[in-house]
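Architecture at a glance
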Amino acid sequence: RDFSGASGLFSLQFTDAYPRPAVLAFIDALRLFTIGFSWGGFESIVFEHDLAAERQDRLFPSKVGEGCGGVVRLSIGLEDTSDLLQDLAQALERMTEVAGSDEFKGRKYSLDDYIS
């Protein structure tokens, strides 16, 4: 009966094409997500997570330079889904600008990138 659905808590692990300043720019660009650690509320929350400091096994690369970059944890609140997706899209654009990678230069994100 209770807790039979999906969770609104998940992580994003970026590639090492996005250095830490770009990941922090992603977090700073978010308008609807509050930086914090409390997962019990109704508002959307974000924080940077140092996965390499906690993971000791080698099930997947977790260190910058091994193909993986920063990790961001998201707790999705009760805000409108399209508003949250637009917020994430504009934050990804900002992160890409800060990263300055030619691979991603000029990339525009839209809701269609996230909705299947």
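These lines cover the structure that appears in this document, whether it is placed above or below.

Here is what the cut-offs are and how they apply
- Residues numbered from 1 in each chain as written.
- Predicted model: local features only at pLDDT ≥ 70, side-chain atom pairs only at ≥ 80, totals over all residues.
- Heavy atoms only, no water.
- Helix = DSSP H or I, 4+ residues; strand = E, 2+ residues; numbered from the N terminus.
- Buried < 20%, exposed > 50% of the residue type's maximum accessible area, 1.4 Å probe, protein only.
- Contact = heavy atoms within 4.5 Å.
- Areas by Shrake-Rupley, 256 points an atom, 1.4 Å probe, with all protein chains shown as cover.
- Phe/Tyr/Trp six-rings, centres within 6.5 Å; stacked < 30°, edge-to-face > 60°.
- Pairing = 2+ DSSP bridges.
- Axes fitted to C-alpha atoms, helices over the stretch in contact; angles between N-to-C directions.

Observations regarding the overall build of the protein chain
Counting its secondary structure elements, the protein chain contains three helices and four strands. For the protein chain, the succession of helices and strands along the chain, N to C, is β-α-β-β-α-β-α. A burial count over the protein chain gives 34% of its 116 residues as buried. Taking contacts inside the protein chain between residues at least 6 apart in sequence as the whole, the part at least 24 apart equals 72%. Total accessible area computed for the protein chain in this model is approximately 7500 Å², and 53% of it derives from carbon and sulfur atoms.

A look at the packing of aromatic side chains
As enumerated under the stated definition, the model contains three aromatic pairs in all. Measuring from centroid to centroid gives 6.0 Å for Phe14 and Tyr18, while their planes differ by 65°, and the two rings are edge-to-face. According to the relative accessible area criterion, Phe14 is buried, its value standing at 10%. According to the relative accessible area criterion, Tyr18 is buried, its value standing at 8%. A ring pair is formed by Phe14 and Phe26, whose centres lie 5.5 Å apart and whose planes are at 65°; its orientation type is edge-to-face. Separated by twelve residues along the polypeptide, Phe14 in strand S1 (residues 9–15) and Phe26 in helix H1 (residues 20–29) bring together distant segments of the chain. Both residues of the pair, Phe14 and Phe26, belong to the buried class. Taken together, Phe14, Tyr18 and Phe26 form an aromatic cluster joined through their ring pairs.

Section: the environment of Phe33
With respect to the secondary-structure elements, Phe33 resides in the loop between H1 and strand S2 (34–35). Among residues more than four places away in sequence, those in contact with Phe33 are Ser44, Ile45, Val46, Leu74, Ser75, Ile76, Leu84, Asp87 and Leu88.

Some remarks on H1
Turning to H1, its buried residues are Ala22, Val23, Ala25, Phe26, Ile27 and Ala29. Those residues of H1 that are buried lie in contact with S1, S2, strand S3 (45–49), strand S4 (68–75) and helix H3 (81–99).

As for the pairing of S4
In terms of residue burial, S4 counts as a mostly covered element, since seven of its eight residues are buried. Looking at chain direction, S1 and S4 are connected through six bridges and run antiparallel. Paired with Phe10 across the two strands is Leu74, which belongs to S4. The pairing of S3 with S4 spans five bridges and is classified as antiparallel. Its bridge partner being in S4, Glu48 is matched across the sheet by Val72.

Some words on the sheet that holds S3
Strand order in this open sheet of four strands is S1-S4-S3-S2, and the pairing throughout is mixed. The outermost strands of the open sheet, each flanked by one partner alone, are S1 and S2. Relative to S3, S2 is paired through two bridges, and the arrangement is parallel. Counted as the bridge partner of Ile35 is Val46 from S3. Most of the contacts of H1 go to S3, to which it runs at about 170°, and overall it touches S1, S2, S3 and S4.

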